[in-house]
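Here's the letter readout for the chains.
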Amino acid sequence: MTSRPVHSSPEPSKPRALRSAASWWLAAALVPPIGFRIATLAALGTTPGWIDLRGLSSDVAAGIAVALVAAGLSRLHRVLGAAAIAVWFAIAVGDAEHVLANSAHASVAHWSFLTDPTFLTGSALRPTLLIPIAILAPLTLGSLWRASGTVRTPFPARAIAMGLPGMLIGLWLWPVAVSEPEWRLCGPLESNLRALVRSDGAEPATASAGPAAPRVRREPPDLDGVPRIAFPPPPKNVLLILLEGISGAQIAAVSEANGVEAEPALPHLDSLARQQIVYSNFIAQQRQTNRGQYAVLCGDWPKLDSGVPRMSEYVAHGGVPCLPAALRDLGYQTVYLQSAPIGFMLKDQFMKRIGFDSVFGNDWFPDARSRTNWGVDDPTLFDGALREVERLSQADRPWFLTLLTVGTHHPYNVPVEFDSPGKTGFARAALQADAAVGEFIATLAQRGVLDDTLVLITSDESTGLPEATPVDPLTLLLSRNWGFLIALVPGASPDIVEEPFVQSDLALSILDAVGAGPHVTEAFGGRSVFRRYAVPRRLAFGNTYQRRIFSVDPSGRIEVCRDDFSVCSRFLGVAGRPFHPGAIAEGDLEQADRIALREWLDPPSSSDRRDPATVTLDLLGEPRVPILTGPARNQLVYGGQGLAVPARSSVELSVDVE
């Protein structure tokens, strides 16, 4: 009997197994950033271009780095590698949502919002890219399952790591233009690493070298202009309406004056703009609600960089006099009403501290057409505002009412019955806000409220032009600060004002309109929007999401800098019209010019420093804690206090307890 050889299936060679493991780890790490980049471009209607090639390269480099980390962790324990990929996937989702809402990568500097219940439940846990998530999550999970099939799968880390530094160096040397959208030029990991490196290597700001100083306004009060309109007599009441994120680029009367087509076009605001006084070059000085509201209500520049917002600083240790307190001292009833939970961004404490008698938020509304974790819808807010106007009008005193909508905040709160064919997301929410404010103003007119009330309609920040708008990158970038202002003044004729004004001008403007004397107005800064000025001024504003600071001078020159002034470029645009497309690049600023610009934005002053012994830090919330008495005398008192310390600064803190 002859024996036959036994044939067995050949086992894969070791190099092939290594390559297979590496491929699956790379797939698991590359699918999220590349997949969501494609999904974001598609959702925004943006046509990919050459700048996206660099962004794709950045995603690949980041994916390789994450694959190395995840594979290394998996050799310690299978769960660790899977957890790394899961975190990476979550970052990719959150960053894509942030790009959709703010046209910029999510910054580590803003991740503290994830600890706030309002933001966490209102936005972070309510993604809008559901279809991409449903497609990319199984692909990532499948790649991860194949990659971690063996607990101690070898991984050619050395071979990959040898090529990764060269790729990273190439990306670092590949320039990121200061006027281009950074989210298209690099991935979130590279964007935050660049910000970290620039922050560590930047010189300290001139005014932050010493202890916290009493706030001094960046601009002195300027009421030397010729009155644009007469106030005989001054309006009795003041109504300030802030529409979350609405831009001048979405109001046809404003956008047409700057050669841009409105998108989405808001018909009710456009009608009001044509019938009233509208400002076509009104500048929103920062992104984020708390920064814009601080500028509007306190007549002071917000921080142009991404430091701790002045609103948060104000809660901790006070600041300049603000508009509500000034009007309250003049006999006004002062009320603040918003849709969102009032505790978000410390607005419950800030609004009280700056002089509002009554402060209301989401909990004030018993019912709503639609309510999310961000609060009630815009029509419900204006219904409540009508009731509050009626209540305030019954008293013998004038009133100052400030309203803030939230329906246009991601993920957008719009009642299902609102009809907006073909519109989704922000565009649909903006149309809802437009209809709601239009109906609100019409009702006030019918009730005769507008006969003796100054109404200012503006926004806290600007969403700007859609990413797919066929304009140059600089115009697209600047549009994120393109605000709007519509003034309803009793007895005034329609007018379109082209002179640039900024948010911090509004507090002085309102005091000018109601006839406040010099003893009040001299404590505020800026110019009055109700006056004409013969000599134009240089203006500045910032975008904390884009990490950009801008300067516009009367000749039309626009300077754009990273917020650490490491790179600055100059453009020549149209004088007095910073949002008009077609600015011509003039080149980068020399080091001396950058230093001069920085000193203009943050001038050194002896008043910026004071004896550390005189610096006090007030606790947040109620300063006094009642002491329990009686048989059970054990009492636990606890609390927390945060303090932002600039780079290369030190703080000595002593605590006295009685």
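Here goes a summary of the coordinates provided.

Conventions and cut-offs
- Residues numbered from 1 in each chain as written.
- Predicted model: local features only at pLDDT ≥ 70, side-chain atom pairs only at ≥ 80, totals over all residues.
- Heavy atoms only, no water.
- Helix = DSSP H or I, 4+ residues; strand = E, 2+ residues; numbered from the N terminus.
- Buried < 20%, exposed > 50% of the residue type's maximum accessible area, 1.4 Å probe, protein only.
- Contact = heavy atoms within 4.5 Å.
- Areas by Shrake-Rupley, 256 points an atom, 1.4 Å probe, with all protein chains shown as cover.
- Patch = residues over 30% accessible without salt bridge, like charges linked within 9 Å, V, L, I, M, F, W, Y side chains within 5 Å.
- Salt bridge = Lys/Arg side-chain N within 4 Å of Asp/Glu carboxyl O.
- Expected span 1.5 Å × (residues − 1).
- Axes fitted to C-alpha atoms, helices over the stretch in contact; angles between N-to-C directions.
- Parallel < 35°, antiparallel > 145°, perpendicular 65-115°, else oblique.
- Left-handed = near helix turned anticlockwise from the far one by under 90°.
- Nonpolar A, V, L, I, M, F, W, Y, C, P; charged D, E, K, R; others polar.

### Examining the overall build of the chain
Next, step 1: On a plain count of helices and strands, the chain comes out with 20 helices and 21 strands.
Next, step 2: Sorting the 658 residues of the chain into buried and exposed places 52% on the buried side.
Next, step 3: Partitioning the intrachain contacts of the chain with sequence separation of at least 6 by distance along the chain shows that 73% fall at a separation of at least 24.
Next, step 4: Accessible surface computed for the chain: about 30,100 Å², of which carbon and sulfur atoms make up 59%.

### Observations concerning a nonpolar patch on the surface
Next, step 1: On the surface, Trp-50, Leu-53, Leu-56 and Trp-174 cluster together into a nonpolar patch covering about 460 Å² of accessible area.
Next, step 2: By the secondary structure assignment, Trp-174 is in the loop between helix 6 (157-173) and helix 7 (182-185).
Next, step 3: Residue Trp-174 is classed as partly exposed on the basis of its relative accessible area, which comes to 34%.

### Here we look at unusual backbone geometry
Next, step 1: Look at the link from Glu-263 to Pro-264: it is a cis peptide, with omega at -10°.
Next, step 2: With omega at 10°, the peptide bond leading from His-410 into Pro-411 counts as cis.
Next, step 3: Mapped onto the elements of the fold, Pro-411 is located in the loop between strand 10 (399-404) and helix 16 (425-446).
Next, step 4: Positive phi is not limited to glycine here, since Leu-346 has a value of about 65°.
Next, step 5: With respect to the helices and strands, the residue Leu-346 is situated in the loop between strand 6 (333-338) and helix 14 (347-353).

### Concerning the pattern of salt bridges
Next, step 1: By the definition in use, this model includes 25 salt bridges.
Next, step 2: Between Glu-467 and Arg-480 there is a salt bridge whose closest N-O contact spans 2.8 Å. A residue pair is termed long-range when its members are at least 10 positions apart, and Glu-467 in the loop between strand 11 (453-458) and helix 17 (473-478) and Arg-480 in the loop between helix 17 and strand 12 (485-488) qualify at 13 residues. Of the two residues examined, Glu-467 and Arg-480, each falls in the buried class.
Next, step 3: Ionic pairing is found between Arg-557 and Glu-586, a salt bridge with its closest N-O pair at 3.0 Å. Taken together, the positions of Arg-557 in strand 19 (residues 557-562) and Glu-586 in strand 21 (residues 584-588) put the pair 29 residues apart, joining distant regions of the chain.
Next, step 4: Taken together, the shared-partner salt bridges in this structure form one network comprising Asp-222, Arg-228, Glu-499 and Arg-527.

### Brief notes about helix 16
Next, step 1: Across its 22 residues, helix 16 extends 32 Å between first and last C-alpha, which sits within 8% of the 32 Å expected from 1.5 Å per residue.
Next, step 2: Counting buried residues in helix 16 gives 16 out of 22 residues, a clear majority hidden from the surface.
Next, step 3: Phi turns positive one or two residues past the end of helix 16, at Gly-448, with a value near 80°.

### Side note on the side chain of Thr-475
Next, step 1: Secondary-structure assignment places Thr-475 in helix 17.
Next, step 2: Given a relative accessible area of 6%, Thr-475 falls into the buried group.
Next, step 3: With near-sequence residues (within four places) excluded, Thr-475 lies in contact with Leu-465, Phe-579, His-580, Pro-581 and Gly-582.

### Some details on the packing of helix 15 (residues 378-393) against helix 16
Next, step 1: At their nearest, the axes of helix 15 and helix 16 sit 9 Å apart, and the two run at 20° to each other. Classed by the angle they form, the pair helix 15 and helix 16 counts as roughly parallel. Every pair of crossing elements has a handedness; the one defined by helix 15 and helix 16 is right-handed. On the side of helix 15, the interface is formed by Asp-378, Pro-379, Phe-382, Ala-385, Leu-386 and Val-389, while helix 16 contributes Gln-432, Ala-433, Ala-436, Val-437, Phe-440, Thr-443 and Leu-444.
Next, step 2: Considered class by class, the residues forming the contact of helix 15 with helix 16 number ten nonpolar, two polar and one charged.

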